[in-house]
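An overview of the molecular structure
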Amino acid sequence: MTLFLTALFAGLAVGSVYGLIALSYTVVFNSTAIFNVAQGDLMMAGVLVSYFCLDRWHLPQIVTLFVILAVVVAISLLEERVAVRPFVSKPVVGLGWFIATLAFSLVLETVASIIYGQNPVVPIPGALGSGTITVDGVHVATKFILAFVTMIVILVALEIFYKRSWLGTAMRGVAEDREVAALRGIDALRISRLAFVIAGVVTALAAFVVAPIVSADVSVGLTYGLKGFIALAAGGFGSLRGCVIGGLILGVAEQMFDLYVSSNYEILAGLIVVLIVLAVRPTGLFGRTAVREV
Amino acid sequence: MNDLVSRLGFDSRAWIRWAFPAVLIIGLYLVPQLSGSGTFRLGEYEEILAFLIIAVALNIAMGYGGQYILGITAVFAVGAYGAILVAKYHPQNVGLVAMCVVGGVVGAVGGLIIGLPALRVGGFYLALVSLFAALAIPTVAQQWGLVGADTGIPLYAVEGWEAKLGGETLYVIVVSLVLLATLFSWALVNSRVGHRFVALHTSPQLASSIGIRAYRTQLLAILIASAMAGIAGGIYVYTQEFFAPGSSSVQFAVLLLAGMTIGGMGTITGPLLGSAIILGINQFFTGFQQYNGIVFGVLLLVFAVFLPNGLMARLTVLSERLGIRPRPPSLTSGPALPAADGAPPPTPGTVVAATPASQLPDWPPVLGADNSSPLVVEGARRAFGGVTAVDDMYLTITRGQVHGLIGSNGSGKTTLLNLISRFYSLDAGRIMIGDTRLDNQPPHAVARAGIARTFQSPKLMLRETALENVIPAVELRVRCTGAESVLRLPRGVRVNRQARTEALEILEALGLQHVIHQQAAALPHGTRRLVEMARAIALRPSFILLDEPAAGLSPVELDLVAEVCQNLARSGVGVLLIEHNVPMVLSIADTVTCLHQGKRLFQGTPAELRADTSVASVFLGIDEPLEASS
Amino acid sequence: MKTGEPLLVVSDLYAGYGSLKAVDGISFQVNEAETVALIGRNGAGKTTSLLSIAGLRYGRFPGSVQLAGAEVSTSSSRQIVDAGLAHVPEGHRIFRSLTVEENLRLGAYTRRRAGRKAAAGTMERVFDLFPILRTYATRNAGFLSGGEQQMVAIGQALMAEPRVLMLDEPTSGLAPVVIRTIYDAIARLREQGLAILIVEQSVPRALANSSRCYVMERGRIVISGDSPTLAQDEHVSAIVRGTEEVSSQAKTG
């Protein structure tokens, strides 16, 4: 039983990271109608920064957090300018945006491997220390709790933002009909930039909480990126809560697979989750079907 | 020579199109001579050649068929492992051919496993699942003892294994296999199978409207590409005599995609050119391999933003400008006309006034001709959110008559047409032809039952010529198997030619003989409408539904449309004509239905409509009866 | 209120793709406290003209658009809203996944600095104009009927407190009762001093609800004049219905 619970909590923690990535995707997609293929690599960049700050330069945690935020948001904005803006103003047709963001992720990965090398990043101490909380004889690492809590806080913050603020409402409008939004004076390009900033913040936080949990190397960006997508698919495109639930499902599924089947083939857990989702409920748990127009 | 050329189904443009790939392939044959290096380099070249075959495969599925199997390298890996395992356990009996066959079969199975579940839901999932598979398969292989885990399977070390082909002979064979793959892809693209791919890729609605079954077609594209990728796996392991998880990484999938983007998808040569460039750079500039990613990334980005159609498109334009390749013929006569609001912009320069044959031929129904009942709509209802677009609708389209459907914007005309052609489903009611219900069938079945339609905004395959746009519709009725068409077996050649001839006849009947070899993208709006109408007629349907065919047409073209409608009716086809041009409708319709806010306001003959002042006042807000055109 | 100064002055407006001009050099004006109608067949270029004036450009061409004296022909759509022009495109397009209130609030997006209270005040005025929207304030706009959605669209445009209002076929496909409501609202807006330009499909309706009228055909204005005068002119009706070709002004070649 304790093994199960330990795996469960670990799954919820890793799942929170997947959920955060999925949230980043959704924020960008809602305002630009594209998926940022480089999102996972942005997180990886944040993890690297975290490592440098904490392990090499021994900066305090809070300073590290701000450095990560600054770096990831800066790279996000660069990506928006270079790889996304040319496609946002045109109707979304074809693979252009995919190739462009993929190209950006390629460059990002290469730069990271030049700076850091190919070795795995050593896990670093978490913000709340390496302590554990013991509940009923089960040890739950505080870093797990931090990851989960962070995701919940971000979810709530995003929901409030979209529902209550001018900007959030405007972003929802732009997502639905850019032309009408433009006629009402809402600058769609500025909205896209803002979406990238927000997604950058969420991804930076994901990096901050994941760094102590798993070891990573510079090539892990795509893996996290794809798993974020699976979380999105499982939870339902377009739903913020879906991102979170989907992420948790994937995280827990992986840990359970590790425990009960085999830890070597953990990656298959993701494939199984996708196939089950496709078979049972293709729109995801919280997804809505769109109205088609001819 | 021209005779042979036209018998194989070319037109004179394609003749010169062959120059590019021919030069490229000849270059490939000569590479060992030119670079002068020894045998050891051949292995590296052969590796690239195997990858080129994957690029050709990906181009078929993605560039033409629109199926985004981004992770096709997973299929390649699976095929390769299959082939090398068979060779490992039966080293005496297995040669290149066997490995290719095994690779192809295993690859095809692998592709189906990835494709089947993803297709049920939509193309995006195919990209996701295949990419994930491309990631997962090397990771799994790293742990699996059967396939040698991290170190892989060194075939050269297996006792009893000896590659019977080697050196320059092997190299020439492999280049020939690339040539074969390219020829196959050309043959496929220009066959009925290829036409279905392009139609589906252009627009699922377009494809359904000419009876193409989306699911089957997508699956076929994936199957063919997977088999080819698997064969490439077989070739790879034969030439390299080795396979490990590292032989096929996600990076490699990215490189392939980069090659396709740079070369240009959707052409035969593009992927070859682009992939050769990318893979060549990757292989041979190993000094700065660390910085490869940055170089490729920047290159890819630049192409994606500035040259999205790749090098091939740019070279084509360039060669036209330099006069190496003849420009498509253009003919200017008649006034230049503005496009209808909201219509896609036509490219300037080629304007053709329709000069139809003096008498239109008969077009008696072929599809759905076994039934002689009219098409009946009973109690149809459809709402979108809070808006009821069509309510309590009763309508009959009689064979051999023109039925006009008029009403102001938003009155439900197009919704009704979409309901009949099954692009929308009914909330209530039925649509029948005789005893057969239509409203529970998918749109492609409705087309196959003999109901053709046009769209408010013409849907054409823009990269194809006018002729190539009409041929797929004919191919729905003039049948042979896909294999016969692709492989140019006797019946396939005959049917291909027959389809082409029939399409040509219809286009000529509509006066479009001058534009048959022009790209649809270059045609002005009015001509595109006529081409779309030709496509609908080419189905030889029993019923034809025309959605505002007159919008944006010149007076000459308008007259043609009116004549075509009447001719269709004379031939026994039931015509439903949705139009804003009330005088035109009144002059040719046998029955007129007037819709208002989704309900039927009036139904009767044109004479009755003209006399009914209440209709006029509600509909047009005027107090006098409607006038017909002189 | 008497007709006042020209608030919207368009001179030599062109719009189109490549060498094909959907709008081929039109000039007109709309004055304060005046309703002007723009009519013509489908495809004559009316919608493209309005979208172009509103800042959704189609290519760069000479010509000028002036709003209350300020030149806006190269301004962005955002700047044009700030300058006091609001355009309601055809098809009662609104944000269907948002509530009525959210839709209206977004209309005041450019004025959000003025604060929520100010926006609430403007919203009250929109509710006065279209009382039924008050009852649906928290309903998702996608569930309203076509006429109600159109009211939301118009209200949304009004939230920016424009001086010039353009409407593209605001009553197409709507019930006579709703058409009356909308035209009554438009009349009230005119009395409050707005300059209003309406594209209408129905010739009689256009002429009955405007003081001046322009007729477009093939990208050009071919007839213009007082609405009462044009109502007597049978050519107008015939042109719009397509039973008469406009001869000498048509472009050839």
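Residues numbered from 1 in each chain as written. Chains lettered and ligands numbered in written order. Predicted model: local features only at pLDDT ≥ 70, side-chain atom pairs only at ≥ 80, totals over all residues. Heavy atoms only, no water.

Comments concerning the overall build of chain B
The test is simple: Put simply, DSSP marks the helices as runs of H or I at least four residues long and the strands as runs of E at least two long, and each gets a number from the N terminus on. Burial classes follow relative accessibility: with a 1.4 Å probe on protein chains only, a residue under 20% of its type's maximum area counts as buried, one over 50% as exposed, and anything between as partly exposed. Pairs of residues are marked as contacts when any of their non-hydrogen atoms sit within 4.5 Å. The protein chains shown are the only cover counted for residues, whose accessible areas, like all others here, come from Shrake-Rupley with a 1.4 Å probe.
Across its full length, chain B carries 25 helices and 12 strands. Buried positions account for 57% of the 630 residues belonging to chain B. Contacts spanning at least 24 positions in sequence make up 75% of the contacts within chain B whose residues lie at least 6 apart. Carbon together with sulfur atoms contributes 59% to the accessible area of chain B, which is approximately 23800 Å² in total.

Describing empty space enclosed by the protein
If a probe the size of a water molecule is rolled over the atoms, the empty space left behind becomes visible. Rules: Of the grid points, spaced at 1 Å and generated over the protein atoms alone, those admitting a 1.4 Å probe that cannot get out make up cavities, while open sets with protein on both sides within 12 Å along at least five of seven lines make up pockets; any residue with an atom within 4 Å of a point is treated as lining. Grid points are joined across faces, edges and corners, and a volume is the space filled by probe spheres set on the points. Residue classes follow a fixed rule: Ala, Val, Leu, Ile, Met, Phe, Trp, Tyr, Cys and Pro count as nonpolar, while Asp, Glu, Lys and Arg count as charged, and any other residue, Gly among them, counts as polar.
Under the criterion given, the structure shown has 5 cavities of 30 Å³ or more. Taken as a whole, the second largest cavity spans an internal volume of roughly 90 Å³. Surrounding the second largest cavity, A:Val37, A:Phe98, A:Leu102, A:Leu222, B:Leu70, B:Leu131, B:Val250, B:Ala253, B:Val254 and B:Leu257 form its lining. Where the lining of the second largest cavity is concerned, the elements lending two or more residues are helix 4 (96-116) of chain A together with helix 12 (250-263) of chain B. Counting residues per element, the lining of the second largest cavity draws most heavily on helix 12 of chain B, which supplies 4 residues. In terms of residue class, the lining of the second largest cavity is built from 10 nonpolar, no polar and no charged.

Regarding the interface of chain B and chain A
Note the cut-off: Here the quantity called buried area is the total loss of accessible area, with a 1.4 Å probe, experienced by two parts when brought into contact, counted for both. By definition, a salt bridge exists where a carboxyl oxygen of Asp or Glu is found within 4 Å of a side-chain nitrogen of Lys or Arg. Polar contact criterion, stated in full: a pair of N or O atoms within 3.5 Å, where within protein one must be able to donate a hydrogen and the other to accept it, and residues adjacent in sequence count only if both atoms are side-chain atoms.
Chain B puts 43 residues into the contact, and the matching count from chain A is 42 residues. When the two sides are added together, the surface that chain B and chain A hide from each other amounts to roughly 3800 Å², 80% of it contributed by carbon and sulfur. Of all residues in chain B, the largest losses of buried area upon contact with chain A belong to B:Tyr125, B:Phe132 and B:Leu301, amounting jointly to 16% of the total for that side. For the pair chain B and chain A, the number of links is 0 salt bridges. The interface formed by chain B and chain A contains 1 residue pair in polar contact (both at pLDDT 80 or more).

Remarks on the domain arrangement of chain B
All names here are of chain B. This is how the line gets drawn: Segmentation into domains, and thus their bounds, comes from an automatic or database assignment.
Structurally, chain B comprises domain 1 (40-248) and domain 2 (375-629). Its C-alpha centre places domain 1 at a distance of 42 Å from the equivalent point of domain 2. Taken together, the contact pairs 21 residues of domain 1 with 27 residues of domain 2. Summed over the three residues of domain 1 that lose the most area to domain 2, namely Arg-192, His-195 and Ile-210, the buried surface amounts to 34% of that side. Our enumeration of links across domain 1 and domain 2 arrives at 0 salt bridges. Of all the secondary-structure elements, those providing two or more residues to the side of domain 1 that touches domain 2 are helix 8 (167-189), helix 9 (192-202) and helix 10 (204-209). The greatest single-element share of the side of domain 1 that touches domain 2, amounting to 6 residues, is contributed by helix 9. For the side of domain 1 that touches domain 2, the residue count by class is 10 nonpolar, 9 polar and 2 charged.

A short note on the environment of B:Leu256
Residues and elements named next belong to chain B. Relative to the helices and strands, Leu-256 is located in helix 12. Along the chain, Leu-256 and Ser-275 lie 19 residues apart, while their C-alpha atoms are 6.3 Å from each other. Not counting residues within four places of it along the chain, the set of residues in contact with Leu-256 comprises Phe-51, Ile-54, Ala-55, Leu-58, Ile-72 and Thr-73.

Some thoughts on the sheet that holds strand 8 (residues 195-199) of chain C
All names here are of chain C. This is how it is decided: Each pair of strands is called paired provided DSSP finds at least two bridges between the two strands. Lines fitted to the C-alpha atoms define the axes, with helices restricted to the stretch that makes contact. Angles between their N-to-C directions range from 0 to 180 degrees.
The 6 strands lie next to each other as 6-7-8-3-9-10, forming an open sheet whose pairing is mixed. Each edge of the sheet is formed by a strand with only one pairing partner; in this case those strands are strand 6 (85-88) and strand 10 (220-226). Averaged over all neighbouring strand pairs, the angle between strand axes comes to 15°, with direction disregarded. Bridge analysis of strand 3 (residues 34-40) against strand 8 gives 5 bridges, and the strand direction is parallel. Paired with Glu-34 across the bridge in strand 8 is Ala-195. Sheet strands in contact with helix 1 (residues 46-53) are strand 3, strand 6, strand 7 (164-168), strand 8 and strand 9 (212-217), and its direction is about 150° off that of strand 7.

Some points on the sheet that holds strand 4 (residues 387-397) of chain B
Strands pair in a sheet through their backbones, by hydrogen bonds, and they do so in one of two ways: parallel or antiparallel. Residues and elements named next belong to chain B. The 4 strands are arranged 4-3-6-7 in an open sheet whose pairing can be described as antiparallel. Here the strands that pair on one side only, and so sit at the sheet edges, are strand 4 and strand 7 (436-437). With 5 bridges joining them, strand 3 (residues 375-384) and strand 6 (residues 428-433) adopt antiparallel strand pairing. Each residue of the ladder has a partner; that of Leu-375, found in strand 6, is Ile-433.

Some remarks on the environment of B:Val78
Residue and element names in this part refer to chain B. Positionally, Val-78 belongs in helix 5 (residues 72-89). Taking C-alpha positions, Val-78 is 38 Å from Leu-460, a pair spaced 382 residues apart along the chain. If sequence neighbours within four positions are ignored, Val-78 has contacts with Val-106 and Ile-137.

Description of a positive patch on the surface
Selection criterion: Like charges are joined within 9 Å and nonpolar side chains (Val, Leu, Ile, Met, Phe, Trp, Tyr) within 5 Å, but only among residues with over 30% relative accessible area and no salt bridge; these make up the patches. Working convention for charge: Lys and Arg count positive, Asp and Glu count negative, and His plus the chain ends are omitted. In plain terms, the charge of a residue is placed at NZ if it is Lys, CZ if Arg, CG if Asp and CD if Glu.
A surface patch of positive charge is lined by A:Arg81, A:Arg190, A:Arg193 and C:Arg113. Mapped onto the fold, A:Arg81 is located in helix 3 (residues 61-88). Residue classification places A:Arg81 among the partly exposed residues on the basis of a relative accessible area of 47%.

Examining the pattern of salt bridges
A side chain with one charge can pair with a side chain of the opposite charge if their charged atoms come near. All names here are of chain A. Here the structure, examined in full by the defined rule, presents 22 salt bridges over all chains. The shortest N-O distance in the salt bridge between Glu-159 and Arg-241 comes to 2.9 Å. Separated by 82 residues along the polypeptide, Glu-159 in helix 5 (residues 142-164) and Arg-241 in helix 10 (residues 240-260) bring together distant segments of the chain. Using a relative accessible area of 24% as the deciding quantity, one classes Glu-159 as partly exposed. Given the relative accessible area of 47%, Arg-241 is considered partly exposed.

Concerning the packing of aromatic side chains
The test is simple: Put simply, two rings from Phe, Tyr or Trp (the six-membered ring, in Trp's case) pair if the centres are within 6.5 Å, and we call them stacked under 30 degrees between planes, edge-to-face over 60, tilted for the rest. Charge-over-ring placement is defined geometrically: NZ (Lys) or CZ (Arg) within 6 Å of the ring centre, and within 35 degrees of the ring normal.
Inspection of the entire model under this criterion finds 27 aromatic pairs over all chains. Between the aromatic rings of B:Phe51 and B:Tyr236, the centroid separation amounts to 5.8 Å while the plane-to-plane angle is 20°, which identifies the pairing as stacked. Note that B:Phe51 is positioned in helix 4 (residues 39-64) and B:Tyr236 in helix 11 (residues 214-240), a separation of 185 residues in sequence. Seen in terms of ring centroids, B:Phe423 and B:Phe455 are 5.9 Å apart; in terms of plane orientation they differ by 85°. Their pairing is edge-to-face. In this pair, B:Phe423 is assigned in the loop between helix 16 (413-420) and strand 6 and B:Phe455 in the loop between strand 8 (451-453) and helix 18 (466-477), connecting sequence segments 32 residues apart. Residue class for B:Phe455 comes out buried when judged on its relative accessible area of 2%. Each member of the aromatic cluster is reached from another via a ring pair, and the members are A:Tyr25, A:Phe29, A:Phe35, A:Phe229, A:Phe237 and B:Tyr125. We note B:Lys459 situated over the ring of B:Phe455; from NZ or CZ to the ring centre the distance is 5.1 Å.

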